[in-house]
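# Structural features, examined
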Number of protein chains: 2
Amino acid sequence: MKCVFVCVVVLAMLGVRVQAFSFNDLTDYVDKHQEEYVEALRDWVSIESDSSDITKRAELQRMMGVVEEKLRGMKGNVSMMDIGTETLEDGRVVALPSVVTAVFGDDENKHTVCVYGHVDVQPARREDGWTTDPYNLTEINGNLYGRGASDNKAPVLAWIHAVEAYTALNMELPVNVKFLIEGMEETGSNGLDVLVESQRDAFFFDVDYIVISDCGWQSTRPALTYGTRGNCYFYAQVEGPKQDLHSGVDGGAVIEPMSDLIGILNSLISASGQILIPGVADAVADFTEEEKKIYEKVDFDMETYRSSIGVERLMYDNKVDLLAHMWRFPTISIHGIEGAFCGFGTKTVIPAKVTAKFSIRQVPNMNPAVVEKQVTDHLHGVFQQRKSPNKLKVKMIIGVKPWLTDTKNALYEAGKRAVKKVFSVEPELIREGGTIPIARTFQDMTGKDIIMLPIGGFDDGLHSQNEKISRYNYMEGTKLFISFLHEVSHIKNN
Amino acid sequence: MKCVFVCVVVLAMLGVRVQAFSFNDLTDYVDKHQEEYVEALRDWVSIESDSSDITKRAELQRMMGVVEEKLRGMKGNVSMMDIGTETLEDGRVVALPSVVTAVFGDDENKHTVCVYGHVDVQPARREDGWTTDPYNLTEINGNLYGRGASDNKAPVLAWIHAVEAYTALNMELPVNVKFLIEGMEETGSNGLDVLVESQRDAFFFDVDYIVISDCGWQSTRPALTYGTRGNCYFYAQVEGPKQDLHSGVDGGAVIEPMSDLIGILNSLISASGQILIPGVADAVADFTEEEKKIYEKVDFDMETYRSSIGVERLMYDNKVDLLAHMWRFPTISIHGIEGAFCGFGTKTVIPAKVTAKFSIRQVPNMNPAVVEKQVTDHLHGVFQQRKSPNKLKVKMIIGVKPWLTDTKNALYEAGKRAVKKVFSVEPELIREGGTIPIARTFQDMTGKDIIMLPIGGFDDGLHSQNEKISRYNYMEGTKLFISFLHEVSHIKNN
């Protein structure tokens, strides 16, 4: 409070008028600055901040520095928080990228909103099938293509620009705003749990609400997200010969690790997509009639979705079952195999050590520790039946719980008002099949109310080729955040 | 004959004495020049002539040029033979690397030996687990490590040095020697069939014997090889969404191509390594008692082999069954999957289009055209049962027949004498599990006698990490070739 007061006095002495809140002025400001906002996104996308590739760690750290610099430039109280090290598969110990925090305002009479975001990205290579350079933001028909554009660089920038707009117009921020921006989200927010726990009584002490904009709408209609799935990511490694062999010279002499691996992978999932690991389905919360009714009301066009992802047929032929299996049932995906031949052309190799990567999305009331045991026991059991001379290792690399909240609290009501103000429609209430590891961590460790306020489009292609965010979603999203900060300031204390 | 006579006269006029054959002088010459020979191999290994990678095509063409230059320097009658183009998967049409031919001598009273070799290599990357740079020849304890060292660059150089030794010592070559060196062996000798057919009455017209040194011994004892397996290489591609999806956002909505692919791959092979494709085993020639007796006599230590490849247990517990399954039964190897995630780290992707690469080694009396239909029908049958909305394409990329010959003919007797002369032991008579596509082509198209005269060690790691040839095998191999040319000159015409 004191600081704000002093500032106001200083500004007044300098002849700078503190302007009263005007939503129109703020949205005008956004419209007038959209080219700058696109340029800022271009700069951020150009940094290959891929957290899953250790060779890109310097780029990732550079990305954190760019965020820090931007927030310092806005006169925030900025810190680079060290979150320790990680141990790689080969035993090397490397530093995790710093987490950037920034504080704008500390008025005790205002609510305090903590904005969480991340600026690391999934891998992307032109050879994967991108039609543009993934690290060179390219605008086509109002869409801004680039890796990380929607997940999560534009939303983080939109939050920064929202705060900046208030400051630039000399409007008082209606709430105190804190930023917590990390660089390890795509690999499971390694190191953040410890930070959140250690900061519970420091950085988080005066935080009232946590907002996360790391997801997307379900259709063209704006949405509020009230649940996410967790994720258990596994490595299953079969090791045989001490090095790769020649399929002609040695083929017939050894049980090949690849055939063992394919044999055990095939035991995970049925042809119709059901998880075959004993016990996994037992923990899943009952699918209630009430829930089905909520799903029936969701504005989701199956044909639009089917055609946007380009499959011939979806796994379920009705909206309720489909949404349920994307949002509230576990699924298993086999992502690929490390160590086998994966290049172009023909190589006649017997790979010596092959590691399958697969993951199981978690829903209430699954427990990653239990899933880890179920998967490990199951795979070892199937492998044992094969009587193979090779060795199997199963390891859970990531284990993140799901998150679910109540959409009738004051925070979601503020979110609904903000959406209404900017888009003139009620938001959809949706769940999200993806995982935002930190949501559950925030909930468990801080006990604060959390809201997910997405601005990404339903067809943004997160983690895929040709990821994009539309200029519309980026700019209107910035306005939504401006509006949301104002609406939160009207929440009455209990 | 005329040319040699003129040469002798000219050399005599120049005061250059034509020396009489002296095996000791020739082997002394080899011993004195071994550092030069190693340097030549270093130069050749440094060229990344990977025929399976289209981006390396210029390097491969450069390699062919180096071979041409070397043979021209030896005053051979050298040609670069154009073998046309290939059409890549993406529709591009590219030139195949030229085939180098060279002729040394055309004395009608001498036999003519055609030496076949290749200078293309399998892919190799340090990340695959090489402990040295695969393209920088590195000597450790008498072994020369590098991609292509044993397969097939050192053997080709040894043949060149064998001819060169005669010339350097002014000794008359005991036979006419022709070289045929190609650059597409590792991907199925694309384009060579057509060349051989077109040259049947030209380059091959006066050829009596064809010698191939593109294989290895079975133990530390020198060997002659009398059979090779063929190979049918397949791509099985499952295609679903139009691009990769996010396993969180979209997981549960689609039947994933990876699970379909793993399901059909698992139908190819049993846990104990048996091929499960109906019909494939039917064509295999009966395993006779006589054959078993030959295998019993082979100097092959199962424990040495087991420990050299580093597996806990071999597929068969007795020598005869093991050799039979490496040499004269078909085997199937799954090499890897293109299009799935194969890098380090964790990527939560649903790959949209995945292509498995696998191959089936061919033995008498299998027919690649029949195998192609059996595999295609089988996979489509299994896929159909899955009722998947995805699309399956099966394609045979390479289809090479096996080769088998008689070890009691005059050519093999010459080979036996040559081995005895250099190594003071009788050679082992072995088969080879790998494929040398051109052997069968030569046999079918030219009708000439063929011998396989290997100089590679049993533990050279062809197609694997840390491929090597020992200095011993390289140098003694050169002497073997010198001796062989001499012994062939003693074969009596029928």
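Residues numbered from 1 in each chain as written. Chains lettered and ligands numbered in written order. Predicted model: local features only at pLDDT ≥ 70, side-chain atom pairs only at ≥ 80, totals over all residues. Heavy atoms only, no water.

### Brief notes about the overall build of chain A
If you tally the helices and strands in chain A, you get 14 helices and 20 strands. A compact globule built from 494 residues would reach a C-alpha radius of gyration of about 23 Å, and chain A, at 24 Å, matches this within 12%. Dimensions of chain A, computed from C-alpha atoms along their principal axes, come out at roughly 85 × 50 × 45 Å. Pairs at least 24 residues apart make up 80% of the contacts formed inside chain A by residues separated by at least 6 positions. Distance from the positive charge centre (51 side chains) to the negative charge centre (69 side chains) of chain A: 2 Å. (Helix = DSSP H or I, 4+ residues; strand = E, 2+ residues; numbered from the N terminus. Rg over C-alpha atoms; globule rule 2.2 N^0.38 Å. Contact = heavy atoms within 4.5 Å. Lys, Arg positive; Asp, Glu negative; His and termini not counted. Charge placed at Lys NZ, Arg CZ, Asp CG, Glu CD.)

### A few points about the relation of the copies chain A and chain B
Taken as rigid bodies, chain A and chain B are interconverted by a rotation of 180° and an axial shift of 0.0 Å, the fit giving an RMSD of 0.1 Å. Look at the turn and shift together and you get a two-fold axis relating the two. Taking C-alpha positions as reference, the residue of chain A nearest the rotation axis is Ile 262 of chain A, located at 3.0 Å. In this assembly, 99% of the residues forming the interface of chain A have copies in chain B that are likewise at the interface, indicating an isologous arrangement. (Least-squares fit on C-alpha atoms with pLDDT ≥ 70 in both.)

### Looking at the sheet that holds strand 6 (residues 138-140) of chain A
All names here are of chain A. A sheet is described by the order of its strands in space; here three strands give the open sequence 6-7-20, paired in antiparallel fashion. Each edge of the sheet is formed by a strand with only one pairing partner; in this case those strands are strand 6 and strand 20 (468-470). Along the sheet, successive strands turn relative to each other by an average axial angle of 25°, direction set aside. Contacting strand 7 (143-145) and strand 20, helix 5 (residues 149-168) crosses the sheet at an angle of about 45° to strand 20. (Pairing = 2+ DSSP bridges. Axes fitted to C-alpha atoms, helices over the stretch in contact; angles between N-to-C directions.)

### Focus on the interface of chain A and chain B
Accessible area lost during the coming together of the parts is what is often quoted as the interface size. Between chain A and chain B, the contact holds 91 residues from the first and 90 residues from the second. Interface area for chain A against chain B, summed over the two sides, is near 7500 Å², with a carbon-plus-sulfur share of 52%. On the chain A side of the interface with chain B, the three residues burying the most area are His 335, Thr 346 and Lys 347 of chain A, jointly 9% of the side's total. There are two salt bridges connecting chain A and chain B. For Glu 312 of chain A, the salt bridge goes to Lys 391 of chain B, with nearest N and O atoms at 4.0 Å. Where chain A packs against chain B, one counts 45 residue pairs in polar contact (both at pLDDT 80 or more). (Buried area = accessible area lost by both parts, 1.4 Å probe. Salt bridge = Lys/Arg side-chain N within 4 Å of Asp/Glu carboxyl O. Polar contact = N/O pair within 3.5 Å; in protein donor to acceptor, adjacent residues only side chain to side chain.)

### Overview of the packing of helix 2 (residues 23-32) of chain A against helix 14 (residues 471-488) of chain A
Residues and elements named next belong to chain A. The interhelical angle for the contact between helix 2 and helix 14, taken along N-to-C directions, is 150°, at an axis separation of 10 Å. Considering the angle they form, helix 2 stands roughly antiparallel to helix 14. The handedness of the crossing between helix 2 and helix 14 is right-handed. Of helix 14, the residues touching helix 2 (which contributes Phe 23, Leu 26, Thr 27, Val 30 and Asp 31) are Met 475, Thr 478, Lys 479, Ile 482 and Ser 483. (Parallel < 35°, antiparallel > 145°, perpendicular 65-115°, else oblique. Left-handed = near helix turned anticlockwise from the far one by under 90°.)

### Side note on the pairing of strand 10 (residues 223-228) of chain B
Residue and element names in this part refer to chain B. Of all six residues that make up strand 10, six are buried, and the element is covered over most of its length. Bridge count between strand 10 and strand 18 (residues 428-432): five bridges; the pairing is parallel. Counted as the bridge partner of Thr 228 is Glu 432 from strand 18. (Buried < 20%, exposed > 50% of the residue type's maximum accessible area, 1.4 Å probe, protein only.)

### Considering the state of the cysteines
Within this structure, the stated rule accounts for one disulfide over all chains. Disulfide pairing is shown between Cys 342 of chain A and Cys 342 of chain B; the S-S distance is 2.4 Å. Between Cys 342 of chain A and Cys 342 of chain B the disulfide shows an S-S torsion of about 65°. By sign, it is right-handed. Here the residue Cys 342 of chain A occupies a position in the loop between strand 13 (332-338) and strand 14 (349-350), and Cys 342 of chain B occupies one in the loop between strand 13 (332-338) and strand 14 (349-350), the pair thus bridging two chains. (Disulfide = S-S within 2.5 Å.)

### Describing the domain arrangement of chain A
All names here are of chain A. Each domain of chain A was delimited in the assignment, giving domain 1 (20-228 + 405-488) and domain 2 (230-285 + 328-400). Averaged C-alpha coordinates put domain 1 and domain 2 at centres separated by 34 Å. Facing the nine residues of domain 1 at the interface are eight residues of domain 2. Carbon and sulfur atoms make up 55% of the area that domain 1 and domain 2 hide from each other, which totals about 660 Å². The tally of links from domain 1 across to domain 2 stands at zero salt bridges. Taken together, domain 1 and domain 2 are joined by two residue pairs in polar contact (both at pLDDT 80 or more). Of the residues that constitute the side of domain 1 that touches domain 2, the class distribution is one nonpolar, six polar and two charged. (Domains from an automatic or database assignment. Nonpolar A, V, L, I, M, F, W, Y, C, P; charged D, E, K, R; others polar.)

### Let's talk about the UniProt feature "domain: Peptidase M20 dimerisation" (unreviewed entry) in chain A
Using the residue numbers shown here, the UniProt feature "domain: Peptidase M20 dimerisation" (unreviewed entry) corresponds to residues 228-379 of chain A. Annotated as residues 228-379 of chain A, this span is 31% helix and 21% strand, and its ends, taken at the C-alpha atoms, are 27 Å apart. (UniProt positions renumbered as here; feature names shortened; annotations may be inferred.)

### A closer look at helix 7 (residues 257-265) of chain B
Of all the nine residues making up helix 7 of chain B, nine are buried; the element is thus mostly covered by neighbouring parts of the structure. The complete set of buried residues in helix 7 of chain B reads Pro 257, Met 258, Ser 259, Asp 260, Leu 261, Ile 262, Gly 263, Ile 264 and Leu 265 of chain B.

### Some points on the packing of aromatic side chains
For any pair of aromatic rings, the description consists of the separation of the ring centres together with the inter-plane angle of the planes. Residue and element names in this part refer to chain A. Across all of its chains, the model carries 30 aromatic pairs over all chains by this definition. Taken together, the aromatic side chains of Tyr 116, Phe 203, Phe 204 and Phe 442 make up a single cluster linked through ring pairs. Here the guanidinium or amino end of Arg 328 rests over the ring plane of Phe 329, the centre of that ring lying 4.9 Å away. (Phe/Tyr/Trp six-rings, centres within 6.5 Å; stacked < 30°, edge-to-face > 60°. Lys NZ or Arg CZ within 6 Å of the ring centre and 35° of its normal.)

### Section: the nonpolar core
Counting 183 residues, the largest nonpolar core has Phe 358 of chain A together with Leu 71, Phe 179, Ile 212, Phe 358, Phe 442 and Tyr 474 of chain B as the members making the most contacts within it. By residue number, the principal contributor to this core is helix 5 (residues 149-168) of chain B, which donates eleven residues. Residues in contact with Phe 358 of chain A, not counting those within four places in the same chain, are Cys 232, Tyr 233, Phe 234, Ala 236, Leu 265, Leu 268, Ile 332, Ser 333, Ile 334, His 335, Val 375 and Leu 379 of chain A. Listed in part, the 118 residues of the second largest apolar core include Val 78, Val 100, Val 113 and Phe 204 of chain A. (Core = buried A, V, L, I, M, F, W, Y, C linked by side-chain atoms within 4.5 Å.)

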